[in-house]
Amino acid sequence: MYQIKKYFALTPEQEKQFKMLPELFSYWNERINVISRKDIGNLEEHHILHSLAIAKFIQFVPETKIMDVGTGGGFPGIPLAIMFPEVSFLLVDSIGKKIKVVNEICAAAEIKNIEAIHARADEVKGKFDFVVSRAVTELPAFYKWVSKKINTINNNPIPNGILYLKGGDVSQELLNFHAKTKTVALSSFFEEEFFATKLLIHIFH
(Lines give C-alpha, C1' and ligand atoms only; values in the text may rest on other atoms or scores of the structure.)
Protein backbone atom coordinates (compact mmCIF):
# COMPACT_ATOMS: atom_id res chain seq x y z
CA MET A 1 0.00 0.00 0.00
CA TYR A 2 2.90 2.37 0.67
CA GLN A 3 3.74 2.83 -3.00
CA ILE A 4 0.13 3.29 -4.12
CA LYS A 5 -0.52 5.91 -1.42
CA LYS A 6 2.76 7.63 -2.32
CA TYR A 7 1.32 8.48 -5.75
CA PHE A 8 -2.48 8.47 -5.35
CA ALA A 9 -5.05 9.90 -2.94
CA LEU A 10 -7.45 7.07 -2.09
CA THR A 11 -10.92 6.92 -0.60
CA PRO A 12 -11.38 4.58 2.42
CA GLU A 13 -13.13 2.07 0.12
CA GLN A 14 -10.27 2.12 -2.41
CA GLU A 15 -7.72 1.72 0.38
CA LYS A 16 -9.63 -1.29 1.75
CA GLN A 17 -9.80 -2.94 -1.69
CA PHE A 18 -6.12 -2.36 -2.52
CA LYS A 19 -5.12 -3.76 0.90
CA MET A 20 -6.98 -6.98 0.13
CA LEU A 21 -5.22 -7.66 -3.17
CA PRO A 22 -1.85 -9.08 -1.96
CA GLU A 23 -3.48 -11.77 0.19
CA LEU A 24 -6.07 -12.63 -2.48
CA PHE A 25 -3.48 -12.89 -5.26
CA SER A 26 -1.14 -14.96 -3.07
CA TYR A 27 -3.98 -17.36 -2.25
CA TRP A 28 -5.14 -17.80 -5.85
CA ASN A 29 -1.67 -17.80 -7.36
CA GLU A 30 -0.79 -20.90 -5.35
CA ARG A 31 -3.74 -22.68 -6.98
CA ILE A 32 -3.76 -21.16 -10.49
CA ASN A 33 -0.53 -19.55 -11.63
CA VAL A 34 -1.35 -16.07 -13.00
CA ILE A 35 1.79 -14.25 -11.79
CA SER A 36 5.32 -15.63 -11.83
CA ARG A 37 5.95 -17.29 -8.45
CA LYS A 38 9.21 -15.34 -8.19
CA ASP A 39 7.35 -12.07 -8.75
CA ILE A 40 4.39 -12.40 -6.37
CA GLY A 41 6.41 -10.57 -3.70
CA ASN A 42 6.61 -7.57 -6.03
CA LEU A 43 2.85 -7.48 -6.65
CA GLU A 44 2.36 -3.87 -5.59
CA GLU A 45 5.15 -2.36 -7.67
CA HIS A 46 5.36 -4.64 -10.71
CA HIS A 47 1.65 -5.25 -11.22
CA ILE A 48 -0.65 -2.88 -9.31
CA LEU A 49 1.39 0.33 -9.60
CA HIS A 50 2.39 -0.57 -13.17
CA SER A 51 -1.31 -0.86 -14.07
CA LEU A 52 -2.05 2.46 -12.39
CA ALA A 53 0.34 4.30 -14.73
CA ILE A 54 -2.76 4.63 -16.92
CA ALA A 55 -4.47 6.53 -14.08
CA LYS A 56 -1.53 8.97 -14.07
CA PHE A 57 -2.00 9.55 -17.79
CA ILE A 58 -5.80 10.00 -17.82
CA GLN A 59 -8.65 10.49 -15.38
CA PHE A 60 -11.50 8.60 -17.04
CA VAL A 61 -14.90 10.30 -16.88
CA PRO A 62 -17.80 8.36 -15.30
CA GLU A 63 -19.52 5.79 -17.57
CA THR A 64 -16.45 5.35 -19.78
CA LYS A 65 -16.37 1.80 -21.21
CA ILE A 66 -13.01 0.00 -21.16
CA MET A 67 -11.93 -3.44 -22.38
CA ASP A 68 -8.80 -5.07 -20.94
CA VAL A 69 -7.48 -7.59 -23.48
CA GLY A 70 -5.28 -10.46 -22.33
CA THR A 71 -5.95 -9.48 -18.73
CA GLY A 72 -4.27 -12.58 -17.24
CA GLY A 73 -4.83 -12.31 -13.50
CA GLY A 74 -6.59 -8.96 -13.89
CA PHE A 75 -3.97 -6.41 -14.94
CA PRO A 76 -4.33 -3.58 -15.65
CA GLY A 77 -8.12 -3.97 -15.24
CA ILE A 78 -8.50 -4.70 -11.51
CA PRO A 79 -6.36 -1.80 -10.18
CA LEU A 80 -7.98 0.59 -12.68
CA ALA A 81 -11.49 -0.57 -11.73
CA ILE A 82 -10.72 0.16 -8.07
CA MET A 83 -9.35 3.59 -9.00
CA PHE A 84 -12.35 4.42 -11.24
CA PRO A 85 -15.47 2.89 -9.61
CA GLU A 86 -17.86 4.77 -11.95
CA VAL A 87 -16.22 3.34 -15.09
CA SER A 88 -17.23 -0.06 -16.54
CA PHE A 89 -14.54 -2.63 -17.35
CA LEU A 90 -14.73 -5.79 -19.45
CA LEU A 91 -11.75 -8.07 -18.74
CA VAL A 92 -11.04 -10.61 -21.48
CA ASP A 93 -8.64 -13.55 -21.60
CA SER A 94 -8.47 -16.65 -23.79
CA ILE A 95 -7.46 -18.81 -20.78
CA GLY A 96 -10.52 -19.70 -18.71
CA LYS A 97 -8.74 -20.44 -15.42
CA LYS A 98 -7.29 -16.91 -15.37
CA ILE A 99 -10.80 -15.47 -15.70
CA LYS A 100 -11.83 -17.68 -12.75
CA VAL A 101 -9.13 -15.99 -10.63
CA VAL A 102 -10.30 -12.54 -11.74
CA ASN A 103 -13.91 -13.33 -10.84
CA GLU A 104 -12.96 -14.76 -7.44
CA ILE A 105 -10.80 -11.73 -6.56
CA CYS A 106 -13.46 -9.26 -7.71
CA ALA A 107 -16.10 -11.05 -5.63
CA ALA A 108 -13.90 -11.13 -2.50
CA ALA A 109 -12.83 -7.48 -2.81
CA GLU A 110 -16.37 -6.37 -3.79
CA ILE A 111 -15.24 -4.81 -7.08
CA LYS A 112 -18.59 -4.34 -8.80
CA ASN A 113 -17.67 -2.50 -12.02
CA ILE A 114 -15.89 -5.45 -13.69
CA GLU A 115 -17.26 -8.15 -15.96
CA ALA A 116 -14.72 -10.86 -16.85
CA ILE A 117 -15.18 -13.26 -19.76
CA HIS A 118 -13.30 -16.18 -21.26
CA ALA A 119 -12.92 -15.15 -24.92
CA ARG A 120 -10.57 -13.86 -27.58
CA ALA A 121 -10.62 -10.14 -28.31
CA ASP A 122 -12.04 -10.66 -31.80
CA GLU A 123 -15.03 -12.55 -30.36
CA VAL A 124 -16.13 -9.66 -28.16
CA LYS A 125 -19.19 -7.69 -29.29
CA GLY A 126 -19.72 -3.98 -28.74
CA LYS A 127 -17.69 -0.77 -28.72
CA PHE A 128 -15.39 0.64 -26.07
CA ASP A 129 -13.91 4.06 -25.39
CA PHE A 130 -10.53 2.55 -24.57
CA VAL A 131 -8.81 -0.81 -24.91
CA VAL A 132 -6.07 -1.37 -22.33
CA SER A 133 -3.43 -4.09 -22.16
CA ARG A 134 -0.02 -5.06 -20.83
CA ALA A 135 2.27 -6.27 -23.64
CA VAL A 136 0.29 -9.26 -24.86
CA THR A 137 1.77 -9.16 -28.38
CA GLU A 138 3.44 -6.87 -30.94
CA LEU A 139 1.55 -3.60 -31.32
CA PRO A 140 0.61 -3.95 -35.05
CA ALA A 141 -1.03 -7.33 -34.37
CA PHE A 142 -2.81 -6.01 -31.28
CA TYR A 143 -4.08 -2.99 -33.21
CA LYS A 144 -5.64 -5.30 -35.84
CA TRP A 145 -7.45 -7.26 -33.12
CA VAL A 146 -9.10 -4.29 -31.45
CA SER A 147 -9.10 -1.16 -33.63
CA LYS A 148 -12.67 -1.76 -34.90
CA LYS A 149 -13.96 -2.06 -31.33
CA ILE A 150 -13.16 1.55 -30.40
CA ASN A 151 -16.01 4.04 -30.15
CA THR A 152 -15.62 7.11 -32.39
CA ILE A 153 -17.41 9.54 -30.01
CA ASN A 154 -14.93 11.03 -27.52
CA ASN A 155 -16.04 12.03 -24.01
CA ASN A 156 -12.68 11.89 -22.21
CA PRO A 157 -9.83 14.43 -21.95
CA ILE A 158 -7.84 12.47 -24.56
CA PRO A 159 -9.03 10.78 -27.78
CA ASN A 160 -10.48 7.28 -27.51
CA GLY A 161 -8.04 4.52 -28.43
CA ILE A 162 -5.59 1.95 -27.13
CA LEU A 163 -3.59 2.42 -23.91
CA TYR A 164 -0.78 -0.13 -24.02
CA LEU A 165 1.81 -0.78 -21.30
CA LYS A 166 5.10 -2.11 -22.65
CA GLY A 167 8.81 -2.13 -21.84
CA GLY A 168 11.91 -1.45 -23.91
CA ASP A 169 12.33 -0.12 -27.43
CA VAL A 170 9.08 0.05 -29.42
CA SER A 171 10.39 2.14 -32.32
CA GLN A 172 10.33 -0.77 -34.81
CA GLU A 173 6.78 -1.73 -33.85
CA LEU A 174 5.59 1.85 -34.40
CA LEU A 175 7.55 2.38 -37.62
CA ASN A 176 4.74 1.70 -40.09
CA PHE A 177 1.86 2.71 -37.89
CA HIS A 178 -0.81 4.71 -39.70
CA ALA A 179 -2.67 5.64 -36.53
CA LYS A 180 -1.42 8.47 -34.31
CA THR A 181 0.68 7.46 -31.33
CA LYS A 182 1.95 9.11 -28.18
CA THR A 183 4.60 7.38 -26.05
CA VAL A 184 5.11 8.32 -22.40
CA ALA A 185 7.95 7.08 -20.16
CA LEU A 186 6.59 5.71 -16.88
CA SER A 187 9.65 7.17 -15.16
CA SER A 188 7.86 10.52 -15.54
CA PHE A 189 5.16 9.16 -13.18
CA PHE A 190 7.06 6.86 -10.80
CA GLU A 191 10.60 7.10 -9.42
CA GLU A 192 11.20 3.38 -8.74
CA GLU A 193 13.95 1.73 -10.82
CA PHE A 194 11.50 -0.85 -12.20
CA PHE A 195 9.83 1.85 -14.32
CA ALA A 196 13.03 3.17 -15.93
CA THR A 197 12.44 1.28 -19.21
CA LYS A 198 8.64 1.01 -19.08
CA LEU A 199 6.36 2.88 -21.47
CA LEU A 200 2.70 3.75 -21.98
CA ILE A 201 1.65 4.01 -25.62
CA HIS A 202 -1.57 5.80 -26.59
CA ILE A 203 -2.79 4.86 -30.10
CA PHE A 204 -5.65 6.89 -31.56
CA HIS A 205 -7.13 8.34 -34.77
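Please read all numbers here as calculations on a predicted model, not as lab measurements.

Caption draft 1: Seen up close, the pairing of strand β1 (residues 65-69). Burial runs high along β1: 4 of the 5 residues are buried. In the sheet, β1 pairs with strand β2 (residues 88-93) via 5 bridges, with the strands oriented parallel. Note on β2: the bridge partner recorded for Lys65 is Ser88. Assessed by its sense of winding, the connection that carries the chain from β1 through helix α5 (residues 77-83) to β2 is right-handed.

Caption draft 2: Molecular detail of the sheet that holds strand β4 (residues 130-134). Pairing is mixed in the open sheet, where 7 strands are placed in the order β3-β2-β1-β4-β5-β7-β6. What marks the edges here is a single partner per strand, and that holds for β3 (114-118) and β6 (180-185). Sheet twist, expressed as the average angle between the axes of neighbouring strands with direction ignored, equals 20°. Across 6 bridges, β6 lies against strand β7 (residues 198-204) in antiparallel orientation. Of the residues in β7, the one forming a bridge with Ala185 is Leu199. Packing of helix α3 (residues 43-51) onto the sheet brings it into contact with β4, β5 (161-167) and β7, and relative to β4 it is tilted by some 165°. Strand contacts of helix α7 (residues 139-146): β1, β4, β5 and β7, with the helix running at about 155° to β5, the strand carrying the most contacts.

Caption draft 3: The side chain of Thr64, seen in detail. Tracing the chain through its elements places Thr64 in the loop between α4 (53-57) and β1. Of note is the side chain of Thr64, whose polar atom sits 3.0 Å from the side chain of Asn156. Not counting residues within four places of it along the chain, the set of residues in contact with Thr64 comprises Val87, Ser88, Asp129, Phe130 and Asn156.

Caption draft 4: Representation of the packing of aromatic side chains in the model. The final tally for this structure, using the stated rule, is 11 aromatic pairs. Ring geometry for Tyr27 versus Trp28: centroids 5.3 Å apart, planes at 85°, classification edge-to-face. Of the residues examined, Trp28 reaches a relative accessible area of 13% and is grouped as buried. Through a chain of ring-to-ring contacts, the aromatic side chains of Tyr7, Phe189, Phe190, Phe194 and Phe195 assemble into a single cluster. Its guanidinium or amino end placed over the ring of Tyr27, Arg31 lies 3.6 Å from that ring's centre, counting from NZ or CZ. When the ring centre of Phe128 is taken as origin, the NZ or CZ atom of Lys65, which lies over that ring, is 5.5 Å away.

Caption draft 5: How the structure looks around unusual backbone geometry. Residue Pro76 is bonded to the preceding Phe75 through a cis peptide linkage, with omega at 5°. Within the secondary structure, Pro76 sits in the loop between β1 and α5. Even without being a glycine, Glu63 presents a positive backbone phi close to 75°. Here Glu63 is to be found in the loop between α4 and β1. In this structure Glu63 comes out as exposed when scored by relative accessible area, which is 69%.

Caption draft 6: Summary view of α7. Buried within α7 are the following residues: Leu139, Phe142, Tyr143 and Val146. Burial along α7 is one-sided: seen end-on, the buried residues are contained in an arc of 100°. Those residues of α7 hidden inside the fold are in contact with β1, β4, β5, α8 (171-174) and β7.

Caption draft 7: Representation of the pattern of salt bridges in the model. Counting across every chain of the model gives 11 salt bridges. With a closest N to O distance of 3.0 Å, Glu192 and Lys6 form a salt bridge. Separated by 186 residues along the polypeptide, Glu192 in the loop between β6 and β7 and Lys6 in helix α1 (residues 2-7) bring together distant segments of the chain. What makes Lys6 partly exposed here is its relative accessible area of 32%. Of the charged contacts in the structure, one is a salt bridge between Glu104 and Lys100, with a shortest N-O distance of 3.4 Å. Here Lys100 and Glu104 lie together in helix α6 (residues 96-108), a separation of 4 residues that amounts to about one turn. For Glu104, a relative accessible area of 31% gives the class partly exposed.

What counts, and where the lines are drawn
- Residues numbered from 1 in each chain as written.
- Predicted model: local features only at pLDDT ≥ 70, side-chain atom pairs only at ≥ 80, totals over all residues.
- Heavy atoms only, no water.
- Buried < 20%, exposed > 50% of the residue type's maximum accessible area, 1.4 Å probe, protein only.
- Helix = DSSP H or I, 4+ residues; strand = E, 2+ residues; numbered from the N terminus.
- Pairing = 2+ DSSP bridges.
- Right-handed = clockwise from strand over helix to strand, strands pointing away.
- Axes fitted to C-alpha atoms, helices over the stretch in contact; angles between N-to-C directions.
- Contact = heavy atoms within 4.5 Å.
- Polar contact = N/O pair within 3.5 Å; in protein donor to acceptor, adjacent residues only side chain to side chain.
- Phe/Tyr/Trp six-rings, centres within 6.5 Å; stacked < 30°, edge-to-face > 60°.
- Lys NZ or Arg CZ within 6 Å of the ring centre and 35° of its normal.
- Arc of directions from axis to C-beta.
- Salt bridge = Lys/Arg side-chain N within 4 Å of Asp/Glu carboxyl O.

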